[in-house]
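Survey of secondary and tertiary structure
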Amino acid sequence: MNILPRLMYPLQMLPNSIPNSWFANLDKMFTQFIWQGKKARMKISKLQRARDQGGLGVPNVQLYYWAAQMRYIYEWVNPEPTNTWIDMESWNCGLLTLKNCPFITYKKVKLEVQNNFIVRNTLNTWNKMMSCFGFKNHFSLLAPIWKNPDFVPSCHDAVYKFWHEKGLDRLVKLYEGGAVESFEALKSKYSLLQSHFFRYLQIRHYIPKNRHAQNTFLEDLLIQPISKRFISQIYKTFGLNFNHSTDNIRKQWQNDIGEQIEEKVWTSIIKNTHRILSCNTDRETQFKILHRLHCTPLLRSRFGLGSPNCIKCCSEIGTYTHMVWKCCKIQHFWSDVKEEVATLLGYGLELTPSHPQNTTTQAAGTNLTLWTYKQHKNINKLLHRNANFE
Ligand SMILES: [Zn+2]
């Protein structure tokens, strides 16, 4: 796929704030391409999940754009002397330095940088990221103590400048062990004067009560060292922090099988869907089965398209579980799998759709099944032939 690099170049280079509607239109075009103009059977947001989160890894261009913008914000916060463009961008930022901009509330910071087109647009994107991940109105402890427009006294009082020069430059430095330190402790640590006690009370009052010294993952990304493949790493982290609930599918499988699927087991199923088979078509089949995308006879009958009975045995209702497991015709296939495993590896698998309870058996079973599937193409063919009951 060479569309992504072509899109990434302008997305990285142009200092424009791109509206969400543009990305929504792009997703619509992707959807039309994937489903070839037919009705989509699955939302693109699900297809965009990482493969080990139950998705297909379809690129989410908006997240890539955000990751590209994060690179610039990262360099604001961790400036290199060789990056001359930072000097250019830091011009006309009002009271603020670029290093502090991401940690001031958007309402205040946009007033400071209103005449700086590039910085304003980047901060607009940063604000969208914060809102999207649920950090709107987040009180950042990485905000500066001196010249912080959110904390008005710091813009006029020279004592805060003194604190800044002594190394007490960010709110987080007031914390020790998850709570704001006492004035005495800060006084000895940063050589403050006794006359600064009132400023200490002022700033302690400014920090919301019960505010713990914990950063958001977006803030952590800005202060942690990231070296190679910056955009890919950030993109991956974004993907991990989205709330990708697969509980609905899990419940449907639980109902069909008639057993509870533990969280740990379900996570392992989601993670290994793409690892079981090496062929792309077979992986796609696994993906469809996991998400129950095949149109079963029961479902077709609800649309008025034929009988709800299974097309293989013609005697029972064609539910999803019946089609992939319970049907007497499919059971022959699973018996073949069991025999193949026993012949090749001398290991007896239990014929059950549920996950083995014993951890050792589970691990052994999974590994052996994986190995067998990879090694024995006949089983792949069998699986493929029987799974496409559409
Ligand atoms: Zn049947």
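Refer to the structure above for everything that follows.
Along each chain, the written sequence defines residue order, and numbers are assigned to residues from 1. Whole-chain, interface and lining totals are the exception, using all residues; otherwise, since this is a predicted model, local features are given only for residues with pLDDT of at least 70 and side-chain atom pairs are given and counted only at 80 or more. In computing side-chain properties, one takes all heavy atoms of the structure into account and sets aside hydrogens as well as water.

So, a nonpolar patch on the surface
Patch criteria: residues need more than 30% relative accessible area and no salt bridge. Like-charged residues are merged within 9 Å; nonpolar side chains of Val, Leu, Ile, Met, Phe, Trp and Tyr are merged within 5 Å. Areas reported here follow the Shrake-Rupley algorithm with a probe of radius 1.4 Å; residue values treat only the protein chains shown as occluding. Just to be clear on terms, a salt bridge is a Lys or Arg side-chain nitrogen sitting within 4 Å of an Asp or Glu carboxyl oxygen. Taken together, the side chains of Phe197, Phe198 and Leu201 present a nonpolar region at the surface, about 280 Å² in accessible area. Here a strand is any run of E in DSSP of at least two residues, a helix any run of H or I of at least four, and the numbering for each starts at the N terminus. Here Phe197 shows up in helix H11 (residues 197–206).

Thoughts on the packing of aromatic side chains
Stacked, edge-to-face and tilted labels apply to pairs of Phe, Tyr and Trp rings (six-membered ring for Trp) whose centres lie within 6.5 Å, assigned for plane angles under 30 degrees, over 60, and everything in between, in that order. For the structure shown, the criterion picks out 22 aromatic pairs. Relative to Trp85, the ring of Tyr72 lies with its centre 5.7 Å away and its plane at 90 degrees, an arrangement referred to as edge-to-face. Taken together, the residues Tyr72 in helix H4 (residues 61–77) and Trp85 in helix H5 (residues 84–90) connect sequence positions 13 residues apart. Of the residues examined, Tyr72 reaches a relative accessible area of 16% and is grouped as buried. Arranged with centres 5.4 Å apart and planes meeting at 75 degrees, the rings of Phe151 and Tyr160 form a pair that is edge-to-face. We note that Phe151, like Tyr160, is buried. These aromatic residues form a ring-pair network of at least three members: Trp66, Phe133, Phe135, Phe217, Phe238 and Phe242. When the ring centre of Tyr72 is taken as reference, the NZ or CZ atom of Arg71 above it lies at 5.1 Å. Criterion for a charge above a ring: Lys NZ or Arg CZ within 6 Å of the ring centre, and within 35 degrees of the ring normal. The ring of Trp253 has Arg292 lying over it, and the distance from NZ or CZ to the ring centre is 4.6 Å. Classification of residues uses two cut-offs on accessible area relative to the type maximum, computed with a 1.4 Å probe and protein chains only: under 20% is buried, over 50% is exposed, and between them is partly exposed.

Observations regarding the layout of surface pockets
Over the atoms rolls a probe the size of a water molecule, and its path tells where empty space is left. By volume, the second largest pocket amounts to about 720 Å³. Of the grid points, spaced at 1 Å and generated over the protein atoms alone, those admitting a 1.4 Å probe that cannot get out make up cavities, while open sets with protein on both sides within 12 Å along at least five of seven lines make up pockets; any residue with an atom within 4 Å of a point is treated as lining. Lining of the second largest pocket is provided by 30 residues; of these, Gln48, Arg49, Ala50, Tyr235 and Gly239 occupy positions nearest its centre. Contributing elements (two or more residues each) for the lining of the second largest pocket: helix H2 (20–34), helix H3 (44–47), H4 and helix H13 (230–241). If one sorts the elements of the lining of the second largest pocket by residue count, H13 sits on top with six residues. Grid points are joined across faces, edges and corners, and a volume is the space filled by probe spheres set on the points.

Considering unusual backbone geometry
Comment: phi is negative for the bulk of residues other than glycine, and the bulk of peptide bonds are trans. Phi angles above zero are rare outside glycine, and Gln36 is one such case at about 50 degrees. Locating Gln36 in the fold gives a position in the loop between H2 and H3. Residue classification places Gln36 among the exposed residues on the basis of a relative accessible area of 67%. In this model, Asn92 sits at a positive phi of 70 degrees, which is unusual for a non-glycine residue. The exposure class assigned to Asn92 is partly exposed, which follows from its relative accessible area of 31%.

Describing the environment of Glu339
Following the sequence through the fold, Glu339 ends up in helix H19 (residues 328–345). Here Glu339 falls in the exposed class, since its relative accessible area comes to 52%. Counting along the chain gives 10 residues from Glu339 to Leu349, while the straight-line C-alpha distance between them is 8.7 Å.

Comments concerning the environment of Asp150
Residue placement: Asp150 occurs in the loop between helix H7 (117–132) and helix H8 (153–156). Taking C-alpha positions, Asp150 is 9.9 Å from Phe139, a pair spaced 11 residues apart along the chain. Sequence-distant contacts of Asp150, that is, excluding residues within four places in its chain, are made with Ile104, Thr105, Lys108 and Tyr206. Polar contact criterion, stated in full: a pair of N or O atoms within 3.5 Å, where within protein one must be able to donate a hydrogen and the other to accept it, and residues adjacent in sequence count only if both atoms are side-chain atoms. Within the structure, Asp150 has its side chain in polar contact with the side chain of Thr105 (distance 2.6 Å). Contact definition: two residues touch when any of their heavy atoms are within 4.5 Å.

A few points about the coordination of the zinc ion
Note on donors: an N, O or S atom is included if it sits within 2.8 Å of the metal, or within 3.2 Å for Na, K and Ca, and water is never included, so sites can look incomplete. Donor atoms from the polypeptide that bind the zinc ion are Cys310 (SG), Cys313 (SG), His322 (NE2) and Cys327 (SG), placed at 2.1 to 2.3 Å. One can describe the site at the zinc ion as tetrahedral: its four donor atoms subtend angles covering 103 to 118 degrees at the metal. For the zinc ion, all donor residues lie on one chain, and their spacing in sequence is C-x2-C-x8-H-x4-C. Of the two residues, Cys313 is situated in the loop between helix H17 (297–302) and helix H18 (320–326) and Cys327 in the loop between H18 and H19; the sequence distance between them amounts to 14 residues. You can call Cys313 buried: its relative accessible area is 17%. Judged by relative accessible area, Cys327 falls into the buried class, the value being 1%. In short, tetrahedral needs four donors with all angles between 85 and 135 degrees, square planar needs four and octahedral six donors with opposite donors over 155 degrees apart and all other angles between 65 and 115, and whatever is left is irregular.

Re the nonpolar core
In terms of nonpolar packing, the biggest core is built from 73 residues, with Met70, Leu171, Leu218 and Phe238 touching the most fellow members. No other element matches the 12 residues that H4 contributes to this core. Source of the domain bounds: an automatic or database domain assignment. Two domains each donate at least three residues to this core, and these are domain 1 (3–132) and domain 2 (153–214). Dropping the residues within four chain positions of it, Leu171 is found in contact with Phe139, Ser140, Leu141, Ala143, Ile145, Ile203, Tyr206 and Ile207. As used in this record, nonpolar core signifies buried Ala, Val, Leu, Ile, Met, Phe, Trp, Tyr and Cys residues forming a set joined through side-chain atoms within 4.5 Å. Core analysis: the next-biggest nonpolar cluster, separate from the first, contains 22 residues, Trp253, Ile289, Tyr320 and Val324 among them.

Details of the packing of H4 against H13
Relative placement of two packed helices is described by the angle separating their axes and the distance separating the axes. Note on definitions: angles span 0 to 180 degrees between N-to-C directions of axes, and those axes are lines fitted to C-alpha atoms, for helices only across the stretch in contact. Interhelical geometry of H4 versus H13 gives an angle of 120 degrees and a closest axis separation of 9 Å. Classed by the angle they form, the pair H4 and H13 counts as oblique. Our pair here, H4 against H13, has a crossing hand that is right-handed. Within the contact between the two elements, H4 uses Leu63, Tyr64, Trp66, Ala67, Ala68, Met70, Arg71 and Tyr74 and H13 uses Phe230, Ile231, Ile234, Tyr235, Phe238 and Gly239. Three categories are distinguished: nonpolar for Ala, Val, Leu, Ile, Met, Phe, Trp, Tyr, Cys and Pro, charged for Asp, Glu, Lys and Arg, and polar for the others, with Gly belonging to the last. Counted by class, the contact of H4 with H13 contains 12 nonpolar, one polar and one charged residues. Angles below 35 degrees are treated as roughly parallel, those above 145 as roughly antiparallel, those between 65 and 115 as roughly perpendicular, and all remaining angles as oblique. Each crossing gets its hand from how the near helix is turned against the far one by less than a right angle, where anticlockwise is left-handed and clockwise is right-handed.

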